[in-house]
Amino acid sequence: METAMQEQEIEINLKDYLAVIRRRRWLILTFFVIVVCAVTIATFLQTPIYRATTMVLIDEASPDVLSTRDGLALGAPGYIAYREYYQTQLEIIKSRSIAQDVFSALSLDKSPEYIEAKDPIQLFLTKLKVEPSRNTCLVYVNFEDKDKEFATRIVNMIANIYAARNLVDISKNENVNLIKNEYLKLQSKYQEYTKIYKEKHPKMVRLKEEIAQMEDRMKKEQDDPLKATGLKANNVKVIDKAEVPKFPARPKKLQNILIAIIGGLIGGIGLAFLVEYLDNTIKTDDDVERYVKLPLLGHIPIIDKSFSELQKDRLVNVVPTSPVSEAYRAIRTAILFSASKDKPARDILITSTGPQEGKSLTACNLAITMAYSGNSVLLVDADMRKPRVHIVFKQDGNFGLSNFLAGQASVDDIIKKTDIENLSVVICGHIPPNPSELLSTKRMKEFIEKAKGKFSTVIFDSPPLTVVTDAAILSSIIDGTVLVINSKKTSRPAVNRSKHILESAKANVLGVVLNSLHVDSGSAYYYSHYYYAKDEKRKTKKKT
């Protein structure tokens, strides 16, 4: 049982994630295209950089020409010392002194690339890379430059200068060590002679001269190591000289584009979820169920922009077979089923959380839909701030509900028939300075009772809940209230405030209508829209 619930929860979460991707697919696609195009353009505009590479062998010690001593094994006592020696050699290759020799040999300090640099040597070294080969004594010396011949020349020169320097150091050290050994032998012999001979003895004098000569020789070797011959070969050897590269090392066009594709897709999806997290609007039926927690009476798809505002308000009449008209018929049925059998909702208040969310649109089309079912319907424009019913049904706006509430007319005087069978309207009339006070009078209750006595259903179009108190006042004296929410526009906090206002007024909330819902291929309305698309367009042209 518990496992089945967990699987169902995982399935629901997966559907939620897919729904987010589907809703934000244009954001994902836009981000993806921008990233891929930007990276591709930048890649092709980049100056190609070539990398020349030479391979250098750095042995653990210079091989002894006169012996066959084995190399140093891993784990031997001197292995750690060799690793330190190896790392030292890598740093020597990258040293400023070797770079300075290259600069001097090629007069790079006069090159336009380096002449304006604050530190030309450091700029040069940024192009030099030394990469040791794992578990070997080999080192790859790389140099990068936009000129491939120049890069090849430079890296070969660096390797040769390093190998030559290393040979000089080995020769110097070996010769100095040999002379020191000879010098120590003479010193030991001198100590033995002092026990036998006096200072002025010919052997003592001759031995002192030999010691002095040895000291001079040792000093000369230290001052001028190029004269040393040595008995050991160089332990550094250039294995492969650099060849002129055929292809640039950077930019890697295919790699950059692949990374851009992957990064653009992942980044787009991540951005979509971030926007979804920051977006606190009500977007889908699931959001109504999850956040509003009021019955969903139905949703209205986005109406085609080819319709005028007046056509939209009478769309059920203009295009009866459109998906929007079908949606209003479904809402009419849901309202009938939501009403209690003991107290059916004969008068219905249509309101919204804020302006421009589709309350007047819903009120007009719902009234037409109910009139088409054969019932007598009265549509009352109780929005005394921005009335619209008189425009939709082409009525004179100077005489209406406000006149009745002010005691200037009777109910029969303000009821006007429309061009739609079974539908009558009561327009706002003169806009009063105190709408809230008028709506809270006994005259308003009297109007409701008389209207219900004359018509099967009375629908009231009222101002938004969060703007003025008119709708809250009416909701407390009307049988049922319908709250219109605009998809992707109405925020969750605004809906919660509206819900709290209705609860405080002890209103009977029949449910929620989700307006301007984006219909995608995953919903049932998609197929209806596809089926009726041609018919709707044809009738739109006729009306136009």
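Residues numbered from 1 in each chain as written. Predicted model: local features only at pLDDT ≥ 70, side-chain atom pairs only at ≥ 80, totals over all residues. Heavy atoms only, no water.

In this section: the environment of Gln89. You can see Gln89 is positioned in helix α3 (residues 79–93). Between the alpha carbons of Gln89 and Asn166 there is a distance of 9.3 Å; along the sequence they are 77 residues apart. If near-sequence neighbours (up to four positions away) are discounted, Gln89 is found in contact with Ile58, Tyr162 and Asn166. Within the structure, the side chain of Gln89 is placed 2.7 Å from the side chain of Tyr162, a separation counted as a polar contact. (Helix = DSSP H or I, 4+ residues; strand = E, 2+ residues; numbered from the N terminus. Contact = heavy atoms within 4.5 Å. Polar contact = N/O pair within 3.5 Å; in protein donor to acceptor, adjacent residues only side chain to side chain.)

To continue, consider the environment of Gly407. Looking at the element boundaries, Gly407 is found in the loop between α16 (401–405) and α17 (411–414). Distance in space between the C-alpha atoms of Gly407 and Arg443 is 8.1 Å, their sequence separation being 36 residues.

With that settled, the discussion passes to the nonpolar core. Counting 38 residues, the largest nonpolar core has Ile335, Leu379, Phe393, Leu423 and Ile459 as its most contacted members. Among the elements that line this core, the one with the most residues is helix α14 (residues 359–372), at eight residues. In contact with Ile335, other than residues within four places in its own chain, are Leu297, Ile348, Leu366, Met370, Val482 and Leu510. Tyr86, Phe103, Val155 and Val236 belong to the second largest nonpolar core, which has 33 residues in total. (Core = buried A, V, L, I, M, F, W, Y, C linked by side-chain atoms within 4.5 Å. Buried < 20%, exposed > 50% of the residue type's maximum accessible area, 1.4 Å probe, protein only.)

Below, the discussion takes up the packing of helix α2 (residues 25–45) against helix α9 (residues 253–278). Packed helices, taken two at a time, are described by the angle between their axes plus the distance between the axes. Contact geometry of α2 with α9 gives a least axis separation of 8 Å together with a crossing angle of 155°. Relative to α9, the element α2 is oriented roughly antiparallel. By crossing handedness, the relation of α2 to α9 is classed as right-handed. Here the contact of α2 with α9 is built from residues that sort into 16 nonpolar, seven polar and one charged. (Axes fitted to C-alpha atoms, helices over the stretch in contact; angles between N-to-C directions. Parallel < 35°, antiparallel > 145°, perpendicular 65-115°, else oblique. Left-handed = near helix turned anticlockwise from the far one by under 90°. Nonpolar A, V, L, I, M, F, W, Y, C, P; charged D, E, K, R; others polar.)

The next point concerns unusual backbone geometry. Following Arg250, the chain continues into Pro251 via a peptide bond in cis, with omega recorded as -5°. Even without a glycine there, the phi angle at Asn135 is positive, about 60°. Residue position: Asn135 is located in the loop between β2 (128–132) and β3 (138–145). Given a relative accessible area of 76%, Asn135 falls into the exposed group. Positive phi outside glycine occurs at Asn422, with the angle close to 75°. Structurally, Asn422 can be placed in the loop between β8 (416–417) and β9 (423–426). The partly exposed category is assigned to Asn422, whose relative accessible area is 33%.

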